[in-house]
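# Structural overview for review
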Amino acid sequence: MELIGIFGGTFNPIHNGHLVLAQTVLDTLHCTQIRVIPAAVPPHKETPAVTAQHRTAMVKLAIQSQPKFVLDTCELDRQGPSYTIETLHLLRTRFPDQALCLMMGQDSYQKLPTWHRWLELLDYCHLLVVHRADKEQSLTLPPEHKGKLVDIATAPQAFAAQANGLISFLTEAPPDISSTRTREQLCQADNAVRDQIPPAVWQYIQENRLYQT
């Protein structure tokens, strides 16, 4: 069956590291599309000072040249915290015949037991845990996920063979670009950050005077 990648985040702002990761997942898992979903009210972070509308506009600009990257505003269209389980439930109703794969960083995965209704995630999707350059290349599974890990070499076939329920670990880390450091550099008017942001996003930030003191 077709496999759809799910890439959520605050994207504050979206940068080249996000785009390289999305392309890597697209190519590695042979996804038919990557749905990029900006969070409106992230449950595990402070709500960004830059509005969801601005962050969404930047995502739209960043992905406009890649037709297999699709902006999905489902978390902006509902009230309350942007709980991943609710997003997955909605996507499952939209895509009943496709396999779904939720991408998440290694640090997020290790904190998964703190997530809202986290035990239900695999009822709706597969999980692809992405290695971070500043972390050890190892993955500690909670007891509830034992026996669900598949090697990344066989993940494309395994993920496409069933709609949900498996986990794999992408050991190829994306470029070490941090949204936090990017915001700090933008605040300091450090032009070196320009190489880390898509040109259209850079222009949007300048025109709208975002991330300035």
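What follows is about the overall build of the chain. Within the chain one finds 7 helices and 6 strands. Along its sequence from the N terminus, the chain presents helices and strands in the succession β-α-β-α-β-α-β-α-β-α-β-α-α. Whereas a compact globule of 213 residues would reach a radius of gyration of roughly 17 Å, the chain reaches 17 Å, a difference of no more than 12%. Oriented by its inertia axes, the alpha-carbon framework of the chain measures out at about 50 × 35 × 35 Å. Burial analysis of the chain (213 residues in total) assigns 49% to the buried set. The contacts of the chain with a sequence gap of at least 6 include a subset with a gap of at least 24, amounting to 74%. Surface accessibility of the chain: about 10,400 Å² in total, with carbon and sulfur atoms responsible for 49%. Between the centroid of the 18 positive side chains of the chain and the centroid of its 21 negative side chains there is a distance of 3 Å.

Time to look at the environment of Lys-146. Position of Lys-146 relative to the elements: it lies in the loop between β5 (126-130) and α5 (155-161). Distance in space between the C-alpha atoms of Lys-146 and Ile-167 is 9.7 Å, their sequence separation being 21 residues.

Okay, the packing of helix α2 (residues 52-63) against helix α7 (residues 199-208) next. In the contact formed by α2 and α7, the axes pass within 8 Å of each other and the chain directions differ by 150 degrees. Taken together, α2 and α7 sit at an angle that is classed as roughly antiparallel. α2 and α7 meet at a crossing whose hand is right-handed. Packed against α2, whose contacting residues are His-54, Ala-57, Met-58, Leu-61 and Ala-62, the element α7 presents Ala-200, Val-201, Tyr-204, Ile-205 and Asn-208 at the interface. Counted by class, the contact of α2 with α7 contains 8 nonpolar, 2 polar and no charged residues.

Evaluation of the coordinates by the stated rule reveals 5 salt bridges. For Asp-72, the salt bridge is made with Arg-35, and the minimal N-O distance between the two is 2.9 Å. Remark: Arg-35 occurs in strand β2 (residues 33-38) and Asp-72 occurs in the loop between β3 (69-71) and α3 (84-94); sequence separation between them is 37 residues. Accessibility classification places Asp-72 together with Arg-35 in one group, the buried group. The salt bridge involving Arg-181 is made with Asp-176; its shortest N-O contact spans 3.7 Å. Relative accessible area serves as the criterion here: at 53%, Asp-176 is assigned to the exposed category. Salt bridges sharing common partners tie together Arg-35, Asp-72 and Arg-94.

Moving on: the nonpolar core. In this structure, Ile-14, Val-25, Leu-29, Ile-34, Met-58, Phe-159 and Ile-205 are the most contacted members of the largest nonpolar core, which totals 39 residues. By residue number, the principal contributor to this core is helix α1 (residues 16-29), which donates 6 residues. Excluding residues within four positions of it along the chain, Ile-205 makes contact with Pro-13, Met-58, Leu-186, Ile-197, Leu-210 and Tyr-211. Formed by 25 residues, the second largest nonpolar core is a distinct cluster that contains Ile-37, Leu-91, Leu-102 and Ile-167.

Under the defined criterion, the tally for this structure stands at 0 disulfides. Lacking any disulfide linkage, Cys-101 is separated from the closest cysteine sulfur, that of Cys-31, by 6.1 Å. The class for Cys-101 is buried, based on a relative accessible area of 0%.

Take the environment of Glu-120 next. Looking at where Glu-120 falls in the secondary structure, it is placed in the loop between α4 (106-110) and β5. A relative accessible area of 27% places Glu-120 in the partly exposed class. Of the polar contacts made by the side chain of Glu-120, one reaches the side chain of Arg-117; its length is 2.8 Å.

This part takes up unusual backbone geometry. For the peptide bond that leads from Asn-12 to Pro-13, omega is 0 degrees, which places it in the cis range. When you line up the elements, Pro-13 lands in the loop between β1 (3-9) and α1. Positive phi, close to 55 degrees, is recorded for Arg-209, a residue that is not glycine. With respect to the helices and strands, the residue Arg-209 is situated in the segment after α7. Positive phi outside glycine occurs at Tyr-211, with the angle close to 60 degrees.

Bringing the side chain of His-18 into the picture now. By secondary structure assignment, the location of His-18 is in helix α1. At 3.0 Å, the side chain of His-18 and the backbone nitrogen of His-15 are in polar contact.

Quick notes on the rules
- Residue indices begin from 1 for each chain and proceed along its sequence in written order.
- Whole-chain, interface and lining totals are the exception, using all residues; otherwise, since this is a predicted model, local features are given only for residues with pLDDT of at least 70 and side-chain atom pairs are given and counted only at 80 or more.
- Hydrogens are left out, water is left out, and the side-chain values use all remaining heavy atoms of the structure.
- Secondary structure elements follow DSSP: runs of H or I no shorter than four residues count as helices, runs of E no shorter than two count as strands, and numbering proceeds from the N terminus.
- To get the radius of gyration, use the C-alpha atoms; to get the globule rule, take the number of residues to the power 0.38 and multiply by 2.2 Å.
- A simple rule labels every residue: compare its accessible area, found with a 1.4 Å probe on the protein chains alone, to the largest value its type can have, and call it buried under 20%, exposed over 50%, or partly exposed in between.
- Any pair of residues with heavy atoms lying within 4.5 Å of one another is described as a contacting pair.
- Computed with a 1.4 Å probe, the accessible areas rest on the Shrake-Rupley method; for each residue, only the protein chains presented here act as cover.
- Charge counting treats Lys and Arg as positive and Asp and Glu as negative, with His and both chain ends excluded.
- By convention, charge coordinates are those of NZ in Lys, CZ in Arg, CG in Asp, or CD in Glu.
- Convention adopted: a line fitted to C-alpha atoms gives each axis, helices being fitted over their contacting stretch, and angles between N-to-C directions are expressed from 0 to 180 degrees.
- We call two directions roughly parallel when the angle between them is under 35 degrees, roughly antiparallel when it is over 145, roughly perpendicular when it lies between 65 and 115, and oblique otherwise.
- Each crossing gets its handedness from the near helix: less than a right angle anticlockwise from the far helix is left-handed, clockwise is right-handed.
- Residues are grouped as follows: nonpolar covers Ala, Val, Leu, Ile, Met, Phe, Trp, Tyr, Cys and Pro; charged covers Asp, Glu, Lys and Arg; every other residue, Gly included, is treated as polar.
- Here, a salt bridge means any Lys or Arg side-chain nitrogen found within 4 Å of an Asp or Glu carboxyl oxygen.
- Each nonpolar core is a collection of buried residues, namely Ala, Val, Leu, Ile, Met, Phe, Trp, Tyr and Cys, held together in the definition by side-chain atoms within 4.5 Å.
- The rule for a disulfide is simple: a pair of cysteine sulfur atoms within 2.5 Å.
- Contacts described as polar in this section are N or O atom pairs within 3.5 Å, which, within protein, must combine one atom able to donate a hydrogen with one able to accept it, while residues neighboring in sequence count only if both atoms come from side chains.

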